[in-house]
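Chain by chain, the residues:
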Amino acid sequence: MDFGNILVNAFGELISPTTAAYALAALGLAVHFGYSGLLNFGQAGFMAVGAYGYAISTLSFNAPLPVAVLVALLSSVVFAIVLGIPTLRLRADYLAIVTIAAAEIIRYIVTTNGLTDVTGSANGLAAFEGGFYGLNPFPPGRYNIGPLGMNERDFWIRIVGWSVVIIACLVVWLLMRSPWGRVLKGIREDENAVRSLGKNVYAYKMQALVIGGVLGSLAGIIFTLPRGAVQPANYATELTFFLYTCLLLGGMATVLGPVIGAMIFWVVLSLTQGLLYGAIEVGAITFLTNSQAGQLRYILVGVALMLLMVFRPQGVLGNKKELAFA
Amino acid sequence: MLGFLAIVLLGAPAAQASPQLPVPATHQVQPATAVQAQEFDNNIRGVLRGVDGPIADVTVTATGNGFEGKATSGPNGAWRIGVPAQGTYEVAIDEDTLPDGITLAEGQENPREVTFANTSSATTLFLFGEGIVSQQANFLDTLAERALAGFSFGLLLALSAVGLSLIFGTTGLTNFAHGEMVTVGAVLAFAFASAGLPIAVAIVLAVIGGGLLGYVQDAALWKPLRHRGTGLVPMMIVSIGFALALRYIIQFNFGGATQQLPGSQGEIINLGSISISRNNLTSLIVSLVIILVVAFLLLRTRIGKATRAVADNPALAAASGIDVDRVIRIVWVIGGMLAALGGILWAYYRPGVSYNMGQQILLLIFAGVTLGGLGTVFGALVGSIIVGLFVEISTIWLEADLKYVGALLIMILVLLFRPQGILGRRERIG
């Protein structure tokens, strides 16, 4: 068992573009759930809208990168508004069911064979990342971040991904300490109190849903770029549940919580994978196959989510007073 | 002409009645995919039968999604091609390999497109003989047939939905782990059946197992949480964590493949001009009887009245001497049993047992419950039947792989105009 290698892999997960995407999507959920109390279980749908919006406008319409990103973000705004109109007046658990259903509708639609020309159905779309890597200012070569070596493409996506995360964190931080953010937190604590102050609760909720959704669709683009492919199976309901695990790990009404939560999530997954596979390799564990070891990690994710919710709902960074529920 | 019709109708049952016959060898044309065809979970199949009986040694090919597979029909005329992914494939029959004197019937497309519809196998039948025109079913017959299948599917959903709705009504919990309780029923039935027990015994044991799971869940998880005063949203998120853990525990033990319960390839029964598979008909009758029994228990027995009282107002029920914890425990056991039975019927309906089968219908169960009104038992029944009918009937117009979309859309629309659901009361939406 090569402990050095396992640690390097775990460090790789810490700064991987997937972690950045999870952090960004979980930050969107923090705006929805942590700050506004909206139980959005359809974040995977927002990510799918972003990824497909980008890929389809690049492939089907030859749109340049800024236009494709803009299309992706606008589609997620439209999705948020369409989703918000019927659901934002509903109680939390209805909202959860409707958003999860809407995300699944998106997934069924991009999977259907009738739209294979546009969405590639179950196989998804590929080869749309050229425009992004075309902007890469770094010359070909090896780049090192700490102990981790990578080529110029991997380096570029990490720089961009994490820059977006940092900017998004700043924006959310500024928003939440503004008067607008205080109203939002007021809605989370007591909707009727805020309404009695003459605020349009519905409009505030809608704005929060749109902002979190835009973060989700940005996350979808960053998630799909390093893979070079977008496939519907990646955007199932489990993705949303993993994002909730990240959010609750870090602390749901904090700016840095979702980022740290996503990092912990992926580092722990990578460490357990490395240790389990290593133990199987050297024969220390004989009752597990490699694929069972993979499933064991996700059993742990489920158990961790339960334990977190029961024993430390405020997460690592959170403040127990700032919970979206009593 | 009658003989030809018989071929059309017999084609499918013949394929399904002989699952134990050797499957014709399949081999890859593409060297790039070095996996054995049998290892794929998805397959395209059919049976070749002429006027005089099965047609053997005919080559059939399937191309699509960058894959090419080939099969030869066996002595019973059956062929099967394993494919790596669900999707649309072009299936062609090599007419040069047909025996002399046998030709494809007029109007039979060759090659033709075959599309998977959320199940692991897709069936296509080639018809042979001169002068045969495939029977174009009239619209009303198709509608009646879809409606019957939808009714069967809706009742199956209702079994799980009634349990979910009872649990919601008495505890306020939106249980995302209900899908896994459905899976557990089917997986247990498969485990008991493959341990050598007769399928009837296996099903009874699996339903008891489902009840046990409900009991243990309540005793070890939900009751302590209720007593801590945990809020409804945290409980909902706990149920998501539980669902994830349970799903992967099932996959850990069961594996990722789809397995079949004994007798999953039932014959087709003809009722007048419409046909339904024997399994679907049995499923319809079983779920109808069980639901009537549950309704009777709820309306006519002391414990049923107590359940409805707790659902209405737990504090008042406790004050009038009802043991609320006992009622909730019974509700969990019954909910678990109903979900397990629903899972077994779902395994026959799909057909197949897999670790994520419950997750696939969880949203449809939710749709049924919300359509009828959260927390109302008869609402869950009505809502589920509507969802089942809608899913099946919509396949007449919609692509089969979009059939769940319609049901989910209907749910969202109903919530838009009547958020309390069909039978729900206004106050429940808060």
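Residues numbered from 1 in each chain as written. Chains lettered and ligands numbered in written order. Predicted model: local features only at pLDDT ≥ 70, side-chain atom pairs only at ≥ 80, totals over all residues.

Within chain B, the regular secondary structure consists of 12 helices and 12 strands. Long-range contacts, defined here as pairs at least 24 residues apart, represent 74% of the contacts in chain B between residues at least 6 apart. (Helix = DSSP H or I, 4+ residues; strand = E, 2+ residues; numbered from the N terminus. Contact = placed C-beta atoms within 7 Å.)

Secondary structure assignment for chain A yields 14 helices and four strands. Taking 2.2 N^0.38 as the reference for a compact globule, 326 residues should give roughly 20 Å; the C-alpha atoms of chain A span a radius of gyration of 20 Å, in line with that estimate. With respect to the principal axes defined by its C-alpha atoms, chain A has extents near 65 × 50 × 40 Å. Of the contacts formed within chain A by residues at least 6 apart in sequence, a portion of 76% connects residues at least 24 apart. (Rg over C-alpha atoms; globule rule 2.2 N^0.38 Å.)

At the interface, 42 residues of chain B touch 41 residues of chain A. If you tally residues by element for the side of chain B that touches chain A, the top one is helix α5 (residues 232–254) of chain B, at 15 residues. For the side of chain B that touches chain A, a count of residues per class yields 29 nonpolar, 11 polar and two charged. (Nonpolar A, V, L, I, M, F, W, Y, C, P; charged D, E, K, R; others polar.)

So, about the sheet that holds strand β10 (residues 121–123) of chain B. Sheets are built from strands paired through backbone hydrogen bonds, the pairs being either parallel or antiparallel. All names here are of chain B. Taken in spatial order, the three strands of this open sheet run β7-β2-β10, and their pairing is mixed. Strands at the two margins of the open sheet, each flanked by one partner only, are β7 (78–83) and β10. In this sheet, adjacent strand axes meet at a mean angle of 20° when their direction is disregarded. Here three bridges tie strand β2 (residues 42–47) to β10, and the two strands are oriented parallel to one another. The partner of R45 across the bridge, within β10, is T123. (Pairing = 2+ DSSP bridges. Axes fitted to C-alpha atoms, helices over the stretch in contact; angles between N-to-C directions.)

For the rest of this paragraph, the subject is the pairing of strand β12 (residues 274–277) of chain B. Residues and elements named next belong to chain B. The sheet contact formed by strand β11 (residues 268–271) and β12 spans four bridges and is antiparallel. Its bridge partner being in β12, N270 is matched across the sheet by S275. The hairpin turn running from β11 into β12, its antiparallel successor, is two residues long, and G272 in that turn takes a positive phi close to 60°.

Given 3.6 residues to a turn, an α-helix orients residues that are three or four positions apart in the same direction. Residues and elements named next belong to chain B. With 16 residues, helix α10 (residues 357–372) should cover 22 Å at 1.5 Å per step; its first-to-last C-alpha distance of 23 Å lies within 8% of that length. Maximum bend of α10: about 30°, positioned at L363. Burial of α10 is extensive: 15 of the 16 residues sit out of reach of the surface. Phi turns positive, to about 115°, at G373, one or two residues after α10. (Expected span 1.5 Å × (residues − 1). Bend = angle between axes of the 7 residues up to and from the residue. Buried ≥ 20, exposed ≤ 12 C-beta atoms within 10 Å, placed from the backbone.)

In this section: the environment of D93(A). Take D93(A): it is sitting in helix α5 (residues 92–111). Among the residues examined, D93(A) registers 21 C-beta atoms within 10 Å and is labelled buried. In this structure D93(A) touches T174(B), L232(B) and M236(B), once residues within four positions along its chain are discounted.

Here we take up the nonpolar core. Counting residues in each nonpolar core, the largest one holds 196 residues, and the members touching the most others are L24(A), A26(A), A101(A) and V162(B). Sort the elements by how many residues they give to this core and helix α9 (residues 324–349) of chain B lands first, with 18 residues. Those residues within four positions of A26(A) in sequence are excluded, and the remaining contacts are L243(A), C246(A), L247(A), P258(A), G261(A) and A262(A). (Core = buried A, V, L, I, M, F, W, Y, C linked by C-beta atoms within 7 Å.)

We now examine the packing of helix α7 (residues 302–312) of chain B against α9(B). Residue and element names in this part refer to chain B. Interaxial distance between α7 and α9 falls to 10 Å at its minimum, and their mutual angle equals 105°. In terms of orientation, α7 and α9 fall into the roughly perpendicular class. Residues I303, A306, T307 and V310 of α7 form the contact with α9, whose participating residues are V324, V327, I328, I330 and V331. Each residue belonging to the contact of α7 with α9 can be placed in one class, and the counts come to eight nonpolar, one polar and no charged. (Parallel < 35°, antiparallel > 145°, perpendicular 65-115°, else oblique.)

With that settled, consider the environment of L225(B). Checked against the element boundaries, L225(B) lands in helix α4 (residues 199–228). Residue L225(B) is classed as partly exposed on the basis of its 19 C-beta neighbours within 10 Å. Expressed as a C-alpha distance, the spacing of L225(B) and V204(B), which sit 21 residues apart in the sequence, is 31 Å. Apart from residues lying up to four places away in sequence, L225(B) is in contact with V310(A), T230(B), M235(B) and V238(B).

Before going further, it helps to spend a moment on the confidence of the model for chain B. Residues and elements named next belong to chain B. Scored by pLDDT, chain B has a mean of 81; 85% of the residues are at 70 or more. Of the regions scoring below 50 in pLDDT, residues 1–38 engages in 66 contacts with residues more than four places distant in sequence or in other chains. For this predicted complex, the interface score ipTM comes out at 0.89, while the overall pTM is 0.81. (pLDDT = per-residue confidence, 0-100.)

If you check helix α11 (residues 201–224) of chain A, its first and last C-alpha atoms are 35 Å apart, about what 24 residues at 1.5 Å a residue would give, namely 34 Å. Of all 24 residues in α11(A), 19 are buried, a share of seventy percent or more.

Turning to the environment of L125(B), a few remarks are in order. Residue and element names in this part refer to chain B. With respect to the secondary-structure elements, L125 resides in the loop between β10 and α2 (139–171). With 16 C-beta atoms packed within 10 Å, L125 lands in the partly exposed category. Along the chain, L125 and S384 lie 259 residues apart, while their C-alpha atoms are 32 Å from each other.

A word on the packing of helix α12 (residues 237–250) of chain A against helix α13 (residues 256–281) of chain A. For any two helices packed against each other, the geometry comes down to the angle between their axes and how far apart the axes lie. All names here are of chain A. With their axes 7 Å apart at the nearest point, α12 and α13 run at an angle of 115° to one another. By the criterion of interaxial angle, the relationship of α12 to α13 is roughly perpendicular. Note that α12 runs across α13; the crossing there is right-handed. Packed against α12, whose contacting residues are T245, C246, L247, L249 and G250, the element α13 presents G257, P258, V259, I260, G261, A262, I264 and F265 at the interface. Across the contact of α12 with α13, the residue classes break down as nine nonpolar, four polar and no charged. (Left-handed = near helix turned anticlockwise from the far one by under 90°.)

The peptide bond linking R350(B) to P351(B) adopts the cis configuration, its omega dihedral lying at -10°. The backbone of N62(A) sits at a positive phi, close to 55°, despite the residue not being glycine. For N62(A), the location among the structural elements is in the loop between α3 (43–61) and α4 (65–87).

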